Amino acid sequence: MSVLAEIIVGVREDLARRQSAVPEADLRAALADVPPARDPMPVFRASEMSVIAEVKRRSPSKGDLADIPDPAALATAYAAGGAAAISVLTEERRFDGSLDDLRAVRAAVETPLLRKDFIVEGYQLLEGRAAGADLALLIVAALADDDLRRLHDQARELGLTVLVEVHDEPETERAVALGAELIGVNARNLKTLEVDDATFAKLAPLVPADRVLVAESGISGPADVARYAADGARAVLVGEALVKDGDPVAAVRAMREVRA
């Protein structure tokens with residue numbers, strides 16, 4: 001079983017527990033009190049590099065990354081540095097995240113928020129929107145075509161911007177055919193956790209120019225951002241490098257200042 005498949009087994013177990021505790025009808029009712037989702041696309045399409053800064057405590061590949069007792073404080077620093085969006089890990093078992101982290105960050109900043117998780121059911125989209133998410137991640141490698149399209153359509157109906165993540169040619173073709181406006185190219189293969197720095201440059205030409213490309217993984221500083229910008233990235237999603245940096249405000253700012 002691949003690493004991704006193992007993660008999804010745990011995700012589904014945790015999802016079943018939450019579904020038994022909170023009926024879907026309750027989530028839908030809660031949406032009535034949630035302000036409309038923020039649209040990050042105008043910023044992503046602007047001339048400046050956009051940074052999606054991530055609240056990330058640990059990962060399957062690196063283990064513990066940072067002690068983040070107050071995700072809201074970290075998110076506030078990201079916002080001060082000019083992050084275009086903030087990604088909040090909510091997967092519990094491998095990333096030590098939670099929906100409570102997302103709620104805490106939502107209460108602290110006005111920046112658009114991405115619920116970063118392994119979304120396999122529409123219930124998770126409702127959870128994210130009810131907790132204040134503006135974007136949702138859909139990982140092509142984790143979803144059959146019918147499920148990918150169903151979840152993409154449901155996310156859009158909820159007002160969510162969808163970041164569709166790919167890591168090889170067939171997945172990129174599927175994302176393009178889906179009509180995904182925001183496509184993330186992950187240099188890390190989630191099935192093996194191996195990183196290939198050439199992935200973005202290889203896949204970017206397969207994506208039409210009217211879509212927005214996000215580079216994910218393997219970004220340690222402005223030099224990596226510049227490399228991805230030169231290959232067509234309009235945004236970068238950065239976690240490890242920012243949570244380990246002693247000055248996240250300056251770190252985000254430095255990445256934003258990169259020009260292709």
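Anything mentioned here points back to the structure above.
**Student:** Quick question: what am I supposed to make of the overall build of the chain here?
**Tutor:** Helix and strand counts for the chain stand at 12 helices and 10 strands. Computed over its C-alpha atoms, the radius of gyration of the chain comes to 17 Å, within 12% of the 18 Å expected for a compact globule of 260 residues. With the C-alpha coordinates of the chain rotated into their principal frame, the extents come out at 45 × 40 × 35 Å. Total accessible area on the chain stands at roughly 10,700 Å², and carbon and sulfur atoms take up 49% of it. Taking the 31 positively charged and 44 negatively charged side chains of the chain as two groups, their mean positions are separated by 1 Å.

**Student:** I would appreciate a short explanation of unusual backbone geometry in the present structure.
**Tutor:** When glycine is set aside, most residues are seen to have a negative phi, and most peptide bonds are trans. The backbone of Asp 96 sits at a positive phi, close to 60°, despite the residue not being glycine. Inspection of the secondary structure assignment puts Asp 96 in the loop between β4 (85–89) and α5 (99–108). Phi at Leu 193 takes a positive value of approximately 70°, unusual for a residue other than glycine. By the element assignment, Leu 193 lies in the loop between β8 (182–186) and α9 (199–203).

**Student:** Help me understand the pattern of salt bridges in this model?
**Tutor:** Once the charged atoms of two side chains with opposite charge are near each other, the side chains can pair. As enumerated under the stated definition, the model contains 27 salt bridges in all. Ionic pairing is found between Arg 174 and Asp 145, a salt bridge with its closest N-O pair at 2.6 Å. With a gap of 29 residues between them, Arg 174 in helix α8 (residues 169–178) and Asp 145 in helix α7 (residues 145–157) connect regions that are remote in the sequence. The shortest N-O distance in the salt bridge between Glu 240 and Lys 244 comes to 3.0 Å. Of this pair, Glu 240 and Lys 244 both sit in helix α11 (residues 240–244), separated by 4 residues, roughly a single helical turn. In the salt-bridge network here, residues are joined through shared partners; they are Glu 13, Asp 14, Arg 17, Arg 18, Glu 92, Arg 93, Arg 115, Asp 117 and Glu 127.

**Student:** When you look at the sheet that holds β8 in this model, what are you seeing that I'm missing?
**Tutor:** Paired through their backbone hydrogen bonds, the strands of a sheet run either parallel or antiparallel. Here 8 strands make up a closed barrel; going around it, the order is β1-β4-β5-β6-β7-β8-β9-β10 and the pairing parallel. Within this sheet the neighbouring strands show an average axis-to-axis angle of 25°, counted without direction. Both strand β1 (residues 50–55) and strand β10 (residues 235–238) contribute to a ladder of 4 bridges, which runs parallel. In the sheet register, Ala 53 faces β10, and the bridge partner there is Val 238.

**Student:** When you look at the packing of α7 against α8 in this model, what are you seeing that I'm missing?
**Tutor:** Axis angle and axis distance: for two packed helices, these are the angle between their axes and the distance between the axes, and together they describe the pair. Here α7 crosses α8 at 40°, and the two axes come no closer than 11 Å. Our classification of the angle between α7 and α8 gives oblique. For the crossing formed where α7 meets α8, the hand is right-handed. Along the contact surface, α7 presents Asp 145, Leu 148, Arg 149 and His 152, while α8 presents Arg 174, Ala 177 and Leu 178. Here the residues of the contact of α7 with α8 are counted per class, giving 3 nonpolar, 1 polar and 3 charged.

**Student:** Would you explain the packing of aromatic side chains in this entry?
**Tutor:** Note on aromatic pairs: each is described by the distance of the centres and the angle between the planes. Throughout the structure, instances matching the rule amount to 2 aromatic pairs. Taking the centre distance of 5.9 Å and the plane angle of 35° together, the rings of Phe 95 and Phe 118 count as tilted. Note that Phe 95 is positioned in the loop between β4 and α5 and Phe 118 in the loop between β5 (113–116) and α6 (122–130), a separation of 23 residues in sequence. Measuring from ring centre to ring centre gives 5.3 Å for Phe 200 and Tyr 228, while their planes differ by 70°; the resulting arrangement is edge-to-face. Here Tyr 228 lies in helix α10 (residues 222–230) and Phe 200 lies in helix α9, a separation of 28 residues in the sequence. Given the relative accessible area of 1%, Tyr 228 is considered buried.

**Student:** Help me understand the nonpolar core, please; the structure alone is not making it clear to me.
**Tutor:** General note: in soluble globular proteins, nonpolar side chains tend to be found buried as a group. The biggest cluster of nonpolar side chains holds 91 residues, and the ones touching the most others in it are Phe 44, Tyr 78 and Ile 86. The greatest single-element share of this core, amounting to 6 residues, is contributed by helix α1 (residues 3–21). Contact partners of Ile 86, with chain neighbours within four places excluded, come to Ala 53, Val 55, Ala 75, Tyr 78, Ala 79, Val 105, Val 109, Thr 111, Pro 112, Leu 113 and Leu 114.

**Student:** Would you explain the pairing of β1 in this entry?
**Tutor:** Moving residue by residue along a regular strand, the side chains alternate between the two faces of the sheet. For β1, the buried fraction is high: 6 of the 6 residues fall into the buried class. Every second residue of β1 is oriented toward a common face, with Ser 50, Ile 52 and Glu 54 on one face and Val 51, Ala 53 and Val 55 on the other, all of them buried. Direction of pairing for β1 relative to β4: parallel, over a ladder of 4 bridges. In the sheet register, Val 55 faces β4, and the bridge partner there is Val 88.

Rules and cut-offs
In this convention, every chain numbers its residues from 1, walking through the sequence in written order. Owing to the predicted nature of the model, reporting of local features is limited to residues with pLDDT of at least 70; listing and counting of side-chain atom pairs is limited to 80 or more, with chain, interface and lining totals taken over all residues. Side-chain calculation: all heavy atoms of the structure are included, whereas hydrogens and water are not. Strands are runs of DSSP state E lasting at least two residues, helices are runs of H or I lasting at least four, and both sets are numbered from the N terminus onward. Computation of the radius of gyration draws on C-alpha atoms, with the globule rule given as 2.2 Å multiplied by the number of residues to the power 0.38. Using a 1.4 Å probe, the Shrake-Rupley method yields the accessible areas, and only the shown protein chains count as cover for residues. The sign given to each residue is positive for Lys and Arg and negative for Asp and Glu; His and the chain ends receive no count. Note that the charge is assigned to NZ on lysines, CZ on arginines, CG on aspartates and CD on glutamates. Salt bridges are defined as contacts in which a side-chain nitrogen from Lys or Arg sits within 4 Å of a carboxyl oxygen from Asp or Glu. Two strands pair under a simple rule: DSSP has to find at least two bridges between them. For helices, the axis comes from a line fit to the C-alpha atoms of the stretch in contact; other axes are also lines fit to C-alpha atoms, and the angle between any two N-to-C directions lies between 0 and 180 degrees. When an angle is under 35 degrees it counts as roughly parallel; over 145 it counts as roughly antiparallel; between 65 and 115 it counts as roughly perpendicular; any other value is oblique. Here a crossing is called left-handed whenever its near helix is offset anticlockwise from the far helix by less than a right angle, and right-handed whenever the offset is clockwise. Should any heavy atoms of two residues lie within 4.5 Å, those residues are counted as being in contact. Residue polarity is assigned by list, with Asp, Glu, Lys and Arg as charged and Ala, Val, Leu, Ile, Met, Phe, Trp, Tyr, Cys and Pro as nonpolar; anything else, Gly included, falls into the polar class. Under the pairing criterion, centres of Phe, Tyr and Trp rings, with the six-membered ring standing for Trp, must be within 6.5 Å; the plane angle then separates stacked pairs below 30 degrees from edge-to-face pairs above 60, leaving the rest tilted. Burial classification: accessible surface area is computed with a 1.4 Å probe over protein chains only, and a residue below 20% of its type maximum counts as buried, one above 50% as exposed, and the rest as partly exposed. By nonpolar core is meant a set of buried Ala, Val, Leu, Ile, Met, Phe, Trp, Tyr and Cys residues that side-chain atoms within 4.5 Å join together.

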